[in-house]
Amino acid sequence: MMATTYDLRHFIDGAWVTGEGPLLVDVNPSRPGDIVGRGPGASAADVDRAFAGARAALDGWRRTPARARAAILLRAADIIHANREEWGRELAREEGKTLVEAIGETGHAANILRFHAQEVERQSGGLFESPSPGERILVIRRPVGVIGAITPFNFPISIPAWKLAPALVWGNTVVWKPATFVPLLAMRFAQALEQAGLPQGVLNLVNGDAGVGEAIVSHPDVDAVTFTGSTKVGRIIAAQLAARGVPFQGELGGKNAALVLADADLDVAVEQVAVGAFRAAGQKCTATSRVIVHEAVADEFLRRLAIRTERMVVGDAQDEAVEVGPVVDARARDRVAAALVRARTTARAVVDAGPYSSGELAEGYFIPPSIFELNEEDPGELWTEELFGPVIGVRRVSSTAEGIALVNDSEYGLSTAVFTTGLAEALSAIEDIRVGVVHVNSASAGADLHVPFGGSGASGLGPKEQGGAAREFYTETATVYLRG
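In what follows, the accompanying structure is described. (Residues numbered from 1 in each chain as written. Predicted model: local features only at pLDDT ≥ 70, side-chain atom pairs only at ≥ 80, totals over all residues. Heavy atoms only, no water.)

To continue, consider the packing of helix 4 (residues 99-119) against helix 5 (residues 158-169). Contact pair helix 4 / helix 5: the axes reach a minimum separation of 9 Å and the direction vectors enclose 15°. Judged on the interaxial angle alone, helix 5 and helix 4 are roughly parallel. In the crossing of helix 4 with helix 5, the sense of the turn from one axis to the other is right-handed. Within the contact between the two elements, helix 4 uses Glu105, His108, Ala109, Ile112, Leu113, His116 and Ala117 and helix 5 uses Ser158, Ala161, Trp162, Ala165, Pro166 and Val169. (Axes fitted to C-alpha atoms, helices over the stretch in contact; angles between N-to-C directions. Helix = DSSP H or I, 4+ residues; strand = E, 2+ residues; numbered from the N terminus. Parallel < 35°, antiparallel > 145°, perpendicular 65-115°, else oblique. Left-handed = near helix turned anticlockwise from the far one by under 90°. Contact = heavy atoms within 4.5 Å.)

Let us now look at helix 8 (residues 231-244). Spanning 14 residues, helix 8 covers 20 Å between terminal C-alpha atoms, matching the ideal 20 Å at 1.5 Å per step. Those residues of helix 8 lying buried are Thr231, Gly234, Ile237, Ala238 and Leu241. Projected down its long axis, helix 8 carries its buried residues within an arc of 125°, all on one side. Counted as exposed and oriented over 90 degrees from the buried face of helix 8: Lys232 and Ala243. (Expected span 1.5 Å × (residues − 1). Buried < 20%, exposed > 50% of the residue type's maximum accessible area, 1.4 Å probe, protein only. Arc of directions from axis to C-beta.)

This part is about the environment of Leu259. Relative to the helices and strands, Leu259 is located in strand 13 (residues 256-260). A relative accessible area of 0% means that Leu259 is categorised as buried. When the C-alpha positions of Leu259 and Asp299 are compared, they lie 15 Å apart, and in sequence the two are 40 residues distant.

Taken in spatial order, the seven strands line up as 15-16-17-14-13-19-20 in an open sheet, and their pairing is mixed. Each end of this open sheet is capped by a strand with a single partner; those strands are strand 15 (348-351) and strand 20 (437-440). Mean inter-strand twist for the sheet, computed between neighbouring axes without regard to direction, equals 25°. The pairing of strand 13 with strand 19 (residues 415-419) spans four bridges and is classified as parallel. Residue pairing for strand 19: Val260 is matched across the bridge by Phe419. Against the sheet, helix 10 (residues 298-310) makes contact with strand 13, strand 14 (288-294), strand 15, strand 16 (370-373) and strand 17 (391-397), and its axis sits at roughly 55° relative to strand 15, the strand it touches most. (Pairing = 2+ DSSP bridges.)

Quick look at helix 14 (residues 400-407) now. Every α-helix carries 3.6 residues per turn, so stepping three or four residues along brings you back to the same face. Every buried residue of helix 14 is accounted for by Thr400, Gly403, Ile404, Leu406 and Val407. One side of helix 14 carries all its buried residues, which in axial view fall inside an arc of 160°. Buried residues along helix 14 sit against strand 13, strand 14, helix 13 (381-384), strand 17, strand 19 and helix 15 (423-432).

Structure below.
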């Protein structure tokens, strides 16, 4: 049975339209001969029309009662939930995330919409006493305006949900560019909101290459930009926006460590490190890519981790038995493979199957899960660079303090996992590790929808995402002095 090739379109000012830009070809990374979608990307004129629609819709949308805006999100959540199996399969085909993860992510997107729909029922302002007689001081919140949103490939429906849901429910309108690898899931998300009754122009979807993102960032009608992607690109965007006084929110790169202490439960540590490092083929900003292990347990930990890694099933993401799918494209595969070639010259291979040379795994964009114990004098790029692949670099330490110092030995500061059965050790790690998210006895790769998410250092710029913290970026306060 031939898989469907979809027509890729854009949602601009309430209508599904064919773009006027360069051709986009959406490829299945498990089977590159399978074309998921095809169609022209957006042009600069398409982006202009998207902003015109968003600006025209803003006044009516911000004046819509918050509960009515929330009701649309709730209906969209029901649509996504009802389609989670089908859309999850499409996600696995389009992006390469394993089927279990893909269906789970699609359901999670529905839950994100529900959470933010409920947030409008919470207090959103405040009343303060005034030093002047007969006066009260109010602090109110208002939408920022037209939001530019640029989202990555690795969570093609949940990251758009956690950006767009708070933007919309707080009364903003949006021009959104997803990653070029995942236009189909972006269309599905926009379709859910359209079917739920979102008014014309409130959400505008423009698929396309980096030029579309640049057109959004530079557009004179953008009031704020939210971005998830590489640190390099995020800093360029932030600098451009700062020069114009446009607010920026950036969730950027990570080089996340797992710290396995001498008293760790090794069964827990092994499973959680493997999950954190190899799920989604390591293509998570929170993925574990550095492991720091106390020398007292290092040999046994690495022995068990090697066994677990070698047993992992690699293959087509749509196969329910697969644990590790492909990376997103040939360029990503070749970049990670080249780093592994360089690592073999200085590091000790713990698990290194080498590149796939024949069959479907050689045809797709697959990298075997790999573990290297690094050279202490020159740990190299497996220690410093965000490879975005299923690769772990390991170093040994002789104390908790030395381990914490190595966790902090990075320009990034997104997520860390600490494995210990001791309360004092856990508290020391929580106090001294400089990251935005700390997991104790669970994988570094994980973020819940109701709590703040984001990192420090090179991992983040601007306000945090998710939970109640999302409101801080998508609204602005006004202080009102009220006298009768």
